[in-house]
Amino acid sequence: MQLSRCKYVTRFALIVLLLSGVAALAQVSTEPKQGLRENNPRTHALTNARLVPAPGKLIGKGTVLIRNGLIVEAGPAVKVPADAR
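Engineer: It is not clear to me how unusual backbone geometry should be interpreted in this structure. Could you clarify?
Structural biologist: Leaving glycine out, the prevailing phi sign among residues is negative, and the prevailing peptide bond configuration is trans. With phi around 55°, Asn48 is a residue other than glycine that occupies positive phi space. Relative accessible area serves as the criterion here: at 59%, Asn48 is assigned to the exposed category. At Asn68, a position not held by glycine, the phi torsion is positive, near 55°. Tracing the chain through its elements places Asn68 in the loop between β2 (57-67) and β3 (70-75).

Engineer: Any chance you could explain the nonpolar core here in plain terms?
Structural biologist: One broad rule of soluble globular proteins: the nonpolar side chains tend to lie buried together. Counting five residues, the largest nonpolar core is built from Ala49, Leu51, Ile59, Val64 and Ile66. Of all elements in the fold, only β1 (43-54) and β2 reach the threshold of two or more residues within this core. For this core, the element with the highest residue contribution is β2, accounting for three residues. Residue contacts for Ile66: discarding those within four places in its chain leaves Arg42, Thr43, His44, Leu46 and Ile71.

Engineer: It is not clear to me how the pairing of β2 should be interpreted in this structure. Could you clarify?
Structural biologist: Side-chain positions along a regular strand alternate between the two faces of the sheet. Across seven bridges, β1 lies against β2 in antiparallel orientation. Across the sheet, residue Ala49 finds its bridge partner in β2, namely Gly62. The turn linking β1 back onto β2 is made up of two residues, and Gly56 within it adopts a positive phi angle of 85°. As judged from the five bridges shared by β2 and β3, these two strands associate in the antiparallel manner. What sits directly across from Ile66, in β3, is Ile71. Linkage of β2 to β3, two consecutive antiparallel strands, is achieved through a turn of two residues, within which Asn68 is found at a positive phi near 55°.

Reading guide: rules and limits
Residues numbered from 1 in each chain as written. Predicted model: local features only at pLDDT ≥ 70, side-chain atom pairs only at ≥ 80, totals over all residues. Heavy atoms only, no water. Buried < 20%, exposed > 50% of the residue type's maximum accessible area, 1.4 Å probe, protein only. Helix = DSSP H or I, 4+ residues; strand = E, 2+ residues; numbered from the N terminus. Core = buried A, V, L, I, M, F, W, Y, C linked by side-chain atoms within 4.5 Å. Contact = heavy atoms within 4.5 Å. Pairing = 2+ DSSP bridges.

Rendered as structure tokens:
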């Protein structure tokens, strides 16, 4: 009886060790991706957008120009730069 109990405890311990090793290998890396992500365009243009610059004021087909995450220009006659996406 004692021998079979020891055998089960040993197997259980082995299974726990194997599963903890698999869990350690499955950790997600927090390093940023290298490659194409570095070449993202920094200028975006949203065209044919309905803009409301102020309450009661409406621009039916306008353009919003975004550079480095900030809106730099918005209106009906905004020229889209060549590097905009």
